[in-house]
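Here are the chains, one letter per residue:
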Amino acid sequence: MTHFLDINTTDPADLRQIIDSAAAMKQSRNGRPKGALDDDLPLKDHMVALIFEKPSTRTRVSFDVGVRQMGGQTMVLSGADMQLGHGETIADTARVLSRYVDLIMIRTFEEQTLLDMAEYASVPVINGLTNRSHPCQIMADIMTFEEHNGPIKGKRVVWSGDGNNVFASFAHAAKQFDFDLVFTGPPPLDPEPALAGLYTVERDPNKAVEGADLVVTDTWVSMHDPQSARERRHNQLRGYQVNEALMARAKEDALFMHCLPAHREDEATSAVMDGPHSVIFDEAENRLHAQKAVMRHCLGR
């Protein structure tokens, strides 16, 4: 069974093959309408369940469109539709879904939900996001960097802000793809201890971005954070905003990324997001191509 649960649990050779496959599939679709089918129809006659406990724009649309382009069909389910983990165990849900579909993508809160789904499903399971990691996003980010600036191996990647689940997947990728990752953010928002050794820390963002090939940030607050937490995080992170002055300290050809959705003028200014360093919309598009490659990898197609 070939699941895609985290970057650190996937062989580096497989990760490289996924990136290369994604780039080739993107190139093959150049100039085609978005609804046109891929030539080889790798998911023809396949049914894919897309499960969302968390709201989603990019994950939902990119997976749905990707399956359809590859000739498959999708079944989009919400946690409320399924009462996931409430009226029925995750194990039983996984067993039942495996009788109906060929592949499961789940975007959930607790990592254990993902792990239970993978343990008991008899079809491949893909991590669309958990509170701990977001591997599909970082596969798209690696693809985007290499489209613009060549191999990421040995490059300096700087994360400014909260050491959240997206950062965790960047840390996993730093080891697997062999690049240097620097975290700059306040101590209360440091990454989880399990990631120690995968990155270095520089508290001063101005020093951190010197010589950076890529500067990355993410929203300061989650959609589920209470107002008190939002205010506290703004106070903690205000000094880590990615603005034009900060980007000017990075390399001349440095890229800027944000997984979106963004709170403009908070974690990053519009001048940066819409500026010459920004590749955020290429990054968003590449979710589609990277995830298509992940699905093909899981299904051996």
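Structure's up top.
Criteria and cut-off values
- Residues numbered from 1 in each chain as written.
- Predicted model: local features only at pLDDT ≥ 70, side-chain atom pairs only at ≥ 80, totals over all residues.
- Heavy atoms only, no water.
- Helix = DSSP H or I, 4+ residues; strand = E, 2+ residues; numbered from the N terminus.
- Buried < 20%, exposed > 50% of the residue type's maximum accessible area, 1.4 Å probe, protein only.
- Contact = heavy atoms within 4.5 Å.
- Pairing = 2+ DSSP bridges.
- Right-handed = clockwise from strand over helix to strand, strands pointing away.
- Arc of directions from axis to C-beta.
- Salt bridge = Lys/Arg side-chain N within 4 Å of Asp/Glu carboxyl O.
- Axes fitted to C-alpha atoms, helices over the stretch in contact; angles between N-to-C directions.
- Parallel < 35°, antiparallel > 145°, perpendicular 65-115°, else oblique.
- Left-handed = near helix turned anticlockwise from the far one by under 90°.
- Nonpolar A, V, L, I, M, F, W, Y, C, P; charged D, E, K, R; others polar.
- 1 Å grid on protein atoms, 1.4 Å probe; cavity = no way out; pocket = protein on both sides within 12 Å on 5 of 7 lines; lining within 4 Å.
- Points joined across faces, edges and corners; volume = space filled by probe spheres on them.
- Phe/Tyr/Trp six-rings, centres within 6.5 Å; stacked < 30°, edge-to-face > 60°.
- Polar contact = N/O pair within 3.5 Å; in protein donor to acceptor, adjacent residues only side chain to side chain.

Caption draft 1: Representation of the environment of His134 in the model. Mapped onto the elements of the fold, His134 is located in the loop between strand S4 (125–129) and helix H6 (135–149). Its relative accessible area of 4% is what places His134 among the buried residues. Taking the C-alpha atoms as reference, His134 lies 8.9 Å from Ile7; in sequence the two are 127 residues apart. Ignoring sequence-local partners within four residues, the contact set of His134 consists of Thr59, Arg107, Gly128, Leu129, Asn165, Val166, Ser169 and Arg287.

Caption draft 2: Quick look at the pairing of strand S2 (residues 73–78). Sheet topology places strand S1 (residues 47–52) next to S2; 6 bridges connect them, and they run parallel. Looking at S2, one finds that Phe52 is bridged to Ser78. As a crossover connection, the stretch from S1 through helix H2 (residues 58–69) into S2 is right-handed.

Caption draft 3: Representation of the pairing of strand S6 (residues 180–184). Burial analysis of S6 places 4 of its 5 residues in the buried class, the great majority of the element. By the bridge criterion, 5 bridges tie strand S5 (residues 156–160) to S6 in an arrangement that is parallel. Each bridged residue has a counterpart across the sheet, and for Val157 the counterpart in S6 is Leu181. Crossover handedness for the path S5 to helix H7 (residues 165–177) to S6: right-handed.

Caption draft 4: The arrangement of helix H5 (residues 111–120) in detail. Listing the buried residues of H5 in full gives Thr113, Leu114, Met117 and Ala118. An end-on view of H5 places all buried positions within 130° of arc, on one side of the element. Each element contacted by the buried residues of H5 is listed here: S1, helix H4 (90–100), strand S3 (103–107) and S4.

Caption draft 5: View of unusual backbone geometry. In this model, Leu260 is joined to Pro261 through a cis peptide bond whose omega is 5°. Mapped onto the elements, Pro261 comes out in the loop between strand S9 (255–258) and helix H11 (270–273). Positioned with a positive phi, Leu260 is a non-glycine residue whose angle comes to about 65°. Checked against the element boundaries, Leu260 lands in the loop between S9 and H11.

Caption draft 6: Summary view of the pattern of salt bridges. Under the counting rule described, the total for this entry stands at 18 salt bridges. Asp6 is the salt-bridge partner of Arg132, the closest N and O atoms lying 3.6 Å from each other. Linking Arg132 in the loop between S4 and H6 with Asp6 in the segment before helix H1 (12–28), this pair joins segments that are 126 residues apart in sequence. Overall, Arg132 belongs to the partly exposed group, its relative accessible area being 22%. The class of Asp6 is buried, set by a relative accessible area of 5%.

Caption draft 7: Structural context of the packing of H6 against H7. Here H6 crosses H7 at 55°, and the two axes come no closer than 9 Å. In this view, H6 runs oblique relative to H7, as classed from their interaxial angle. Crossing of H6 against H7: the hand is right-handed. Residues Pro135, Gln137, Ile138, Met139, Asp141 and Ile142 of H6 pack against Val166, Ser169, Phe170, Ala173 and Phe177 of H7. Taken together, the residues of the contact of H6 with H7 sort by class into 8 nonpolar, 2 polar and 1 charged.

Caption draft 8: Region of the structure containing the layout of surface pockets. There is about 760 Å³ of room inside the largest pocket. The wall of the largest pocket is formed by 33 residues, among which Lys54, Asn165, Asp218, Thr219 and Ser222 lie closest to the centre. Within the residue set of the lining of the largest pocket, elements represented by two or more residues are H2, H7 and helix H9 (227–237). Looking at the lining of the largest pocket residue by residue, the classes come out as 11 nonpolar, 13 polar and 9 charged.

Caption draft 9: Spotlight on the packing of aromatic side chains. All chains considered together, the criterion is met by 6 aromatic pairs. For the ring pair Trp159 and Phe167, a centre distance of 5.7 Å and an interplane angle of 70° mean the geometry is edge-to-face. The pair Trp159 / Phe167 is uniform in exposure class, with both members buried. One aromatic cluster in this structure is built from Trp159, Phe167, Phe170, Phe179, Phe183 and Tyr199.

Caption draft 10: Representation of the environment of Asn243. Note that Asn243 resides in the loop between H9 and helix H10 (244–247). Residues Asn243 and Asn286, 43 residues apart in the sequence, show an inter-C-alpha distance of 24 Å. At 2.9 Å, the side chain of Asn243 forms a polar contact with the backbone nitrogen of Leu246.

Interpretation note: all reported values are geometric properties and have no functional meaning in isolation.
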